[in-house]
Amino acid sequence: FRRVLFRSMQITVNGENREYSTGTSLSELLKSIDIDERYVAVELNRKIVPRTQFNEKLLAENDNLEIVTFVGGG
């Protein structure tokens, strides 16, 4: 039996401090807050993250995310 310890990290999402496990991907974060990644733009530390990189982009301590959701209408 091997115990795996998960460390937590603090990140900021749209101005709100949140705590996540180290190794959390951008895609996992979006799912955890119930956001469909097909309809968002994400800025990570002032740089736009291409949607194709959401799965592989791992978040780090003190990252700053701005998430913008697209809303259709007419």
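Preceding this paragraph is the structure being described.
Remember, predicted model here, so these are calculated numbers, not experimental data.

Asker: Mind showing me how you'd approach the overall build of the protein here?
Answerer: When you go through the protein residue by residue, the secondary structure sums to 1 helix and 5 strands. Order of helices (α) and strands (β) in the protein, N terminus to C terminus: β-β-α-β-β-β. For the protein, the C-alpha atoms occupy an extent of roughly 55 × 25 × 20 Å along the three principal directions. With 74 residues in all, the protein has 27% of them scored as buried.

Asker: What's the story with the environment of Glu-28 in this structure? I'm lost.
Answerer: Mapped onto the elements, Glu-28 comes out in helix H1 (residues 26-32). From its side chain, Glu-28 meets the backbone nitrogen of Ser-25 in a polar contact 2.8 Å long.

Asker: Can you walk me through the sheet that holds strand S2 (residues 16-21) in this structure?
Answerer: Read across the open sheet, the 5 strands follow the order S2-S1-S5-S3-S4; overall the sheet is mixed. Whereas interior strands pair on both sides, the edge strands pair on one side only; in this sheet they are S2 and strand S4 (47-49). Each strand of the sheet is rotated relative to its neighbour by a mean of 35 degrees, with strand direction disregarded. Strand direction decides the pairing type here: strand S3 (residues 40-44) and strand S5 (residues 64-69), joined by 5 bridges, are antiparallel. Following the sheet pairing, Leu-44 is matched in S5 by Leu-65.

Asker: Would you mind showing me how to read the nonpolar core here?
Answerer: In globular proteins that are soluble, nonpolar side chains generally tend to be buried together. Counting residues in each nonpolar core, the largest one holds 15 residues, and the members touching the most others are Ile-11, Leu-29, Leu-30, Val-42 and Leu-65. Those elements that provide at least two residues to this core are strand S1 (8-13), H1, S3 and S5. Leu-30 has contacts with Ile-35, Glu-37, Val-40, Val-42, Phe-54 and Ile-67, leaving out every residue within four places of it along the chain.

Each value, and the rule that gives it
Residues numbered from 1 in each chain as written. Predicted model: local features only at pLDDT ≥ 70, side-chain atom pairs only at ≥ 80, totals over all residues. Heavy atoms only, no water. Helix = DSSP H or I, 4+ residues; strand = E, 2+ residues; numbered from the N terminus. Buried < 20%, exposed > 50% of the residue type's maximum accessible area, 1.4 Å probe, protein only. Polar contact = N/O pair within 3.5 Å; in protein donor to acceptor, adjacent residues only side chain to side chain. Pairing = 2+ DSSP bridges. Axes fitted to C-alpha atoms, helices over the stretch in contact; angles between N-to-C directions. Core = buried A, V, L, I, M, F, W, Y, C linked by side-chain atoms within 4.5 Å. Contact = heavy atoms within 4.5 Å.

Any functional reading would require information beyond the geometric quantities listed.
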